[in-house]
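Residue-level structure breakdown
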Amino acid sequence: MCAAREGRCGRRQRALLCCVFVAAWEAARGQLRYSVPEELPKGSFVGDVAKDLALELAALGVRGARVVSPGRTQYFALHASSGHLVTAERIDREQLCRLLEKCVLRCELIVEGEMKVYAIEVEITDINDNSPTFKKVELEEKMSEMTSTGARFPLPEAQDPDVGVNSLQSYALSGDEHFSLSVQAGADGEKRPELVLAKALDREEAAFHELLLRASDGGDPARTGTARIRVAVLDANDNAPAFSQAVYTVRVPEDVPVGSTLLTVTATDPDDGTNGEVKYTLRKMTKNASTVFKLDADTGEIRVLRSLDFEECNSYELELQAKVSISVTDVNDNAPEISVRSALSEISEDAAPGTVVALLHVQDRDSGANGEVRCSLGEGVPFRLERALDDYYSVVTARELDRERASEYNVTVRAADGGSPALRSGAVLALRVLDVNDNAPVFAEARYSARLPENNAEGALVLTVRAWDADWGQNARVRYRLREGRLRGAPLSSYVSVQAETGALYALRSFDYEEVREVELWVRAEDGGAPPLSSNVSVRLLIADENDNAPQVLYPPAAPGPGWAGVELAPRSAEPGALVAKVVAVDADAGQNAWLSYELAKATEPGLFRVGLHSGEVRTARSPLARDAARHSLVVVVKDRGRPALSATATLTVVLAESVAELLSELGSAAAPAEPAGSLTRWLVLAVAAVSCLFLAFLLLLLALRLRRCQLRCAGGSCCDTAATAAAPDFLLPSSPLAPGFDSPSHRFCPLHSSSVLSLVVD
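In what follows, the accompanying structure is described. Bear in mind the structure is a predicted one, so any value in this text is a computation, not a measurement.

Cut-off values and rules
- Residues numbered from 1 in each chain as written.
- Predicted model: local features only at pLDDT ≥ 70, side-chain atom pairs only at ≥ 80, totals over all residues.
- Heavy atoms only, no water.
- Salt bridge = Lys/Arg side-chain N within 4 Å of Asp/Glu carboxyl O.
- Buried < 20%, exposed > 50% of the residue type's maximum accessible area, 1.4 Å probe, protein only.
- Helix = DSSP H or I, 4+ residues; strand = E, 2+ residues; numbered from the N terminus.
- Pairing = 2+ DSSP bridges.
- Axes fitted to C-alpha atoms, helices over the stretch in contact; angles between N-to-C directions.

Thoughts on the pattern of salt bridges
Note on pairing: side chains with opposite charge can pair once their charged atoms come close. What the rule picks out here adds up to 26 salt bridges. We note a salt bridge from glutamate 312 to arginine 306, for which the minimum N-O separation is 3.5 Å. Classification of arginine 306 as partly exposed rests on a relative accessible area of 29%. We note a salt bridge from arginine 540 to glutamate 520, for which the minimum N-O separation is 3.8 Å. Placement of the pair is arginine 540 in strand 42 (residues 534–544) and glutamate 520 in strand 41 (residues 518–527), with a sequence separation of 20 residues. With relative accessibility at 39%, the residue glutamate 520 sits in the partly exposed group. Via salt bridges that share partners, Arg447, Glu518, Glu520 and Arg540 belong to a single interconnected network.

Structure below.
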């Protein structure tokens, strides 16, 4: 037993070593192939997928690599930590690949993050884990004692589900010299044992013969199976039953109803009586076939016990004395199956064309044209199908996506087979498009303008700018700000501000139309993307005039007191309508607030003069009369047209005179009795006298300083009359006109006495 275990372990090691070389060769072709023996425990090593495909171990877990097998049972799994392909279940080759010489299991490695699929084939090699077995271990053969020597009788075959050398290899017979064993090779390579009569039978000598049939396989160690054969010797029965044909062949569709008769085998026996009665029995039938068909022992009819499935098994063989071959033909009874192996639920709108969004596995269990599948996508979607492997399709982007046009897609994948009529199936892929900051904010208007009355309150709302962004989420969040600028030497932001969230524009100070009539500024809208996108819009702010300025009279000028300002001459001989004067006024406002009107509010002689309503011209309304006073005072009111109206007054003095001399005489007589004018004259005289006195005092002080300096010099002995005379100021000499009383030549003095002279002068 220990030797047997060592032999099995050696074979498994050799198989695993061979698997490594095969995998390395196939990886270069983009496909992996491994080979492992059957019956390995769960978790056994199959192959190093990560190494063979040059995949990094760290990326396998992050990218979501997994192994998918067709069907419900997953026979393999991937260890993400090691990158090894291991068995997920105990694998029985005979159960999976019955009647197949080569057993290959297919699976796919799907790397979710890269949307790639790799095909993996694992060959399951056979081990000698099954012994040859007979359907019946106790057999009974009936022979007539008249049977001639050399007659051959087919024996039931043993079944061994193993393959190759582990399958059935030989038969051996023991137990009686009357019989020998002959093994015939069938057309399909099967060994068919036959019982050969080697010595004539004699019922009186022995009515029964006990034989042992042994079947052996070629395993190491070999396994055997036995069947006991009991041969009953009968009285003479000259003829054996004969079938009407050696081989029966029938083709039936897989959808044949249960209970249907597929065919009837017929055998005849020319003997009489009970020797001519024929009973039908099956000599050889697989276990699977025994659950599908039933042979009627009396009639030879073969009926269907359960539904046939071409995809499960497409042919059966039964053996009576004749061979029955039943072939199942395919019917288009399976619709294509679409399996989504991997799919994205979200994709960025800037994904490059050709980006894989889904991996689909499409198969049809039918065969031939019934199993040929055509796949297509619904119309109007920016995706296309590409074949990845034999049964795999990739759904890839056909062009650039635009979330602003379509934020999500329901992509319908359709599959149809080639049957008649064709069967169809479909699958829907739901895909959401993620936003990319590819749209700058767009203002609702190309240019904004607003009117703001002057003298507005600080913080007054001017207008609101609006911008929208076609993107989504943070990329669509718009914030507003002013673009830097200056107005009248000050920053623009000191005049107006914009609310970042709402775009509301506020005035930060009170505007004066007479200073600022128009403000041009730019508002920038910026989204919250990274990097952010922005756009600018021009805003024109017009300051509307308010009537806040009264008219200003330029002529006649306003006098600080009664005087000669605004005096006009009107000849007494003037005709009606003669121009006397013109009142000139302006208004700093604009529009109708600056439209001025003139009217005569007060006159010394009503009716003598009139004022033009819009021109401000003062004209005579009639000719002056002799009784009219010579001097007239006119008060003209200047009004604007604002609401409420503001006004100013102008005072004109009109003198009726024929000449300028008469005008001056009239004005002089009018000014003489005026006390304020006389007082002003007196003050002017006093001011001139004060200035003269100050100047004289300054000169006397300067003279005193010079005389003091000369006195100090004489005290030192350096003074003489000549020197003193030369040093004395000219106005103190007898010839000086400023020295009254000293005009006589005898009046000469020495500077030493200048101090007494100075005292005299001062006194």
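Here the narrative resumes, following the displayed structure.
A few points about the pairing of strand 41
Only one face of strand 41 is covered, namely the one carrying Val519, Leu521, Val523, Ala525 and Asp527; the face carrying Glu518, Glu520, Trp522, Arg524 and Glu526 has none of its residues buried. Strand direction decides the pairing type here: strand 36 (residues 478–482) and strand 41, joined by 5 bridges, are antiparallel. Following the sheet pairing, arginine 479 is matched in strand 41 by glutamate 526. In this structure, strand 41 lies alongside strand 42, joined through 9 bridges in antiparallel fashion. Paired with tryptophan 522 across the two strands is serine 538, which belongs to strand 42. Adjacent in sequence and paired antiparallel, strand 41 and strand 42 are bridged by 6 residues.

Here's the deal with the sheet that holds strand 14 (residues 224–234)
Spatial ordering of the open sheet is given by 8-14-13-10, a layout of 4 strands whose pairing is mixed. Of all the strands in the sheet, just strand 8 (138–144) and strand 10 (168–174) have a single pairing partner and so form its edges. Adjacent strand axes in the sheet meet at a mean angle of 25°, parallel and antiparallel pairs treated alike. Relative to strand 13 (residues 208–217), strand 10 runs antiparallel, the two being bridged by 6 bridges.

Points about the sheet that holds strand 45 (residues 579–582)
Adjacent strands of a sheet pair through backbone hydrogen bonds, lying either parallel or antiparallel. With antiparallel pairing, 3 strands are arranged side by side in an open sheet as 45-49-48. Each edge of the open sheet carries a strand with a single partner, namely strand 45 and strand 48 (609–611). For this sheet, the mean inter-axis angle between neighbouring strands, taken without regard to orientation, is 25°. The sheet contact formed by strand 45 and strand 49 (residues 617–620) spans 3 bridges and is antiparallel. By the bridge assignment, alanine 581 is partnered in strand 49 with valine 618.

Shape is all these values report; function is a separate question.
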